[in-house]
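Reading the structure
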Amino acid sequence: MYTNKLPQNCQSQILPKVWRTADRFSLDGLKSLAIFELSSALTIQNVVEVYVDVISALPIIESIKTICENYMQENMAEVVRLPSFTSLPQGLMLELIQKMTEKMKI
């Protein structure tokens, strides 16, 4: 039964799946709640995995993708040193580095 609430301590890796399920059943409130919860649950350690999950399955969740990109940009020095980042396919890694640096004034 849908209660318009998420379980406490809902893991960030589950929230994209929650969003996709809510999208499938047109539950806009749950989609918004998943985005809100995920934006506050991102950490240096999980942002790359969440990003890959968001872009790897359909539908691609553009709002969460953007949140992850902004978070990575704000924490670029730490993110680029993560094994999860350095093990990304080269094209994706280059794309992310370009996005993270495009707003920098060099």
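Below: a short report on this structure. This one's a predicted model, so the numbers in the text were calculated from it and none came from an experiment.

What follows concerns the overall build of the protein. The helix and strand tally for the protein stands at seven helices and zero strands. Helices and strands appear in the protein in the N-to-C order α-α-α-α-α-α-α. In terms of principal-axis extent, the alpha carbons of the protein reach across some 50 × 25 × 25 Å. Across the 106 residues that make up the protein, the buried fraction comes to 36%. A separation threshold of at least 6 residues defines the contact pool for the protein, and within that pool the share at least 24 residues apart is 66%.

The next point concerns the pattern of salt bridges. Oppositely charged side chains may form a pair once their charged atoms are brought near each other. Applying the stated rule across the entire model yields six salt bridges. A salt bridge links Asp 23 to Lys 31, with the shortest nitrogen-to-oxygen separation between them at 3.1 Å. Residue class for Asp 23 comes out partly exposed when judged on its relative accessible area of 29%. Taking relative accessible area as the criterion, Lys 31 reaches 17% and is therefore assigned buried. Taking the shortest distance from any N to any O, the salt bridge between Glu 69 and Lys 99 comes out at 2.8 Å. Placement of Glu 69 in helix 4 (residues 62-74) and of Lys 99 in helix 7 (residues 90-101) is noted, with a sequence separation of 30 residues between them. Exposure remark for Lys 99: the relative accessible area of 24% places this residue in the partly exposed category.

Calculation criteria
- Residues numbered from 1 in each chain as written.
- Predicted model: local features only at pLDDT ≥ 70, side-chain atom pairs only at ≥ 80, totals over all residues.
- Heavy atoms only, no water.
- Helix = DSSP H or I, 4+ residues; strand = E, 2+ residues; numbered from the N terminus.
- Buried < 20%, exposed > 50% of the residue type's maximum accessible area, 1.4 Å probe, protein only.
- Contact = heavy atoms within 4.5 Å.
- Salt bridge = Lys/Arg side-chain N within 4 Å of Asp/Glu carboxyl O.

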